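The primary structure of each chain is shown beneath.
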Amino acid sequence: MSNNVEKEDTANLGFTKVAKSEKDLLVARYFDSVARQYDFMNTLLSFGIHYLWKHTSMKMLRLKPGEKVIDICGGTGDLSVMARKAVGKSGEVFLFDINREMMLVGKYKSVNSEYRKQIDHVQGNAEKLSFADNTFDAAMVGFGIRNLTNMKQGFIEMHRVLKPGGRMICLEFSRPVSRMFRFLYDKYSFYIMPQIGRLFTGSQSAYTYLPESIRLFPMPDELSKILEDIGFIDVRYKRLTNGIAVVHAGRKKQ
Ligand SMILES: C[S@@+](CC[C@H](N)C(=O)[O-])C[C@H]1O[C@@H](n2cnc3c(N)ncnc32)[C@H](O)[C@@H]1O
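Residues numbered from 1 in each chain as written. Predicted model: local features only at pLDDT ≥ 70, side-chain atom pairs only at ≥ 80, totals over all residues.

**Quick look at the site of the ligand**
Thinking step 1. Neighbouring residues of the ligand: 20 residues in total, closest Cys73, Gly75, Asn99, Ala126 and Gly142.
Thinking step 2. Going through the elements one at a time, helix H1 (20-34) and helix H4 (78-87) are the ones with two or more residues in the shell around the ligand.
Thinking step 3. Considering every element that reaches the shell around the ligand, the biggest residue donor is H1, with three residues.
Thinking step 4. Of the residues belonging to the shell around the ligand, the class tally is nine nonpolar, seven polar and four charged. (Near = placed C-beta within 6 Å. Helix = DSSP H or I, 4+ residues; strand = E, 2+ residues; numbered from the N terminus. Nonpolar A, V, L, I, M, F, W, Y, C, P; charged D, E, K, R; others polar.)

Next comes the structure, spelled out in structure tokens:
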């Protein structure tokens, strides 16, 4: 990390302040270090519940056959595979991610390999999507927007590439509603999760960054307001598993 952090604009990398210009690289390093074990770790740390959250989110997106969809920060492609099944042969699914390693792991997984072959992978920064305005019927982002240096810019881009009337979902971690559950979840995520991460991936820092970045992410009402300010309409959200995760949905004005 450079020593000019104080002089430059800073961004949060978990609870650590880093230069804005460095955050993308540092996040990319985290995902490089965990790419091969990413899916296994997700299932282990969430006890498999992340698949249920993803299915619920997809239902809120109400995809139809023939639609064109973008999965922003798509990683190893869980949401893209679900979208591919929903839009059928006549539809198109683009997975957009900054990290080549994550995309390669997902692309060559044997589970659902037929669907994975029909996903177009595009590498780039979600703050500058390489697609024209009004391209997609639907856009989704799962556990990704939190990692952006400028989250709002990511949503502005998502809005830009949607066709008028196009729908979006954003699935992201949040904080449990019940105090008791929140207490237990905090203990689990700050103390146990990083140790499990170290044990299975060798990277304790990636799994320290995870709970820290979750704590800094806007709460559901605040995020709804951000989405509305950008121009999304019909914004609503659903808490999942007492609020550990939250899915927001909205659409671009017709
Ligand atoms: C926690 S993973 C989520 C993957 C997948 N969406 C899922 O739900 O399992 C976050 C992904 O965001 C990607 N990412 C982080 N910063 C990004 C950026 N600025 N632009 C595009 N992708 C980014 C990472 O490479 C990683 O694959």
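Structure's up, so let's keep going.
**Regarding the sheet that holds strand S3 (residues 68-72)**
Pairing between sheet strands relies on hydrogen bonds along the backbone, with the strands arranged either parallel or antiparallel.
Thinking step 1. The sheet built from seven strands is open, its strands ordered S5-S4-S3-S6-S7-S9-S8 with mixed pairing. The open sheet terminates on both sides in strands that have one partner only, identified here as strand S5 (119-123) and strand S8 (232-240). For this sheet, the mean angle separating the axes of adjacent strands, direction not counted, is 15°.
Thinking step 2. As paired strands, strand S4 (residues 92-97) and S5 are joined by five bridges and run parallel to one another. When the bridges of S5 are listed, Phe94 appears paired with Asp120.
Thinking step 3. Seen against the sheet, helix H10 (residues 220-230) touches S8 and strand S9 (245-252) and runs at an angle of roughly 160° to S8. (Pairing = 2+ DSSP bridges. Axes fitted to C-alpha atoms, helices over the stretch in contact; angles between N-to-C directions. Contact = placed C-beta atoms within 7 Å.)

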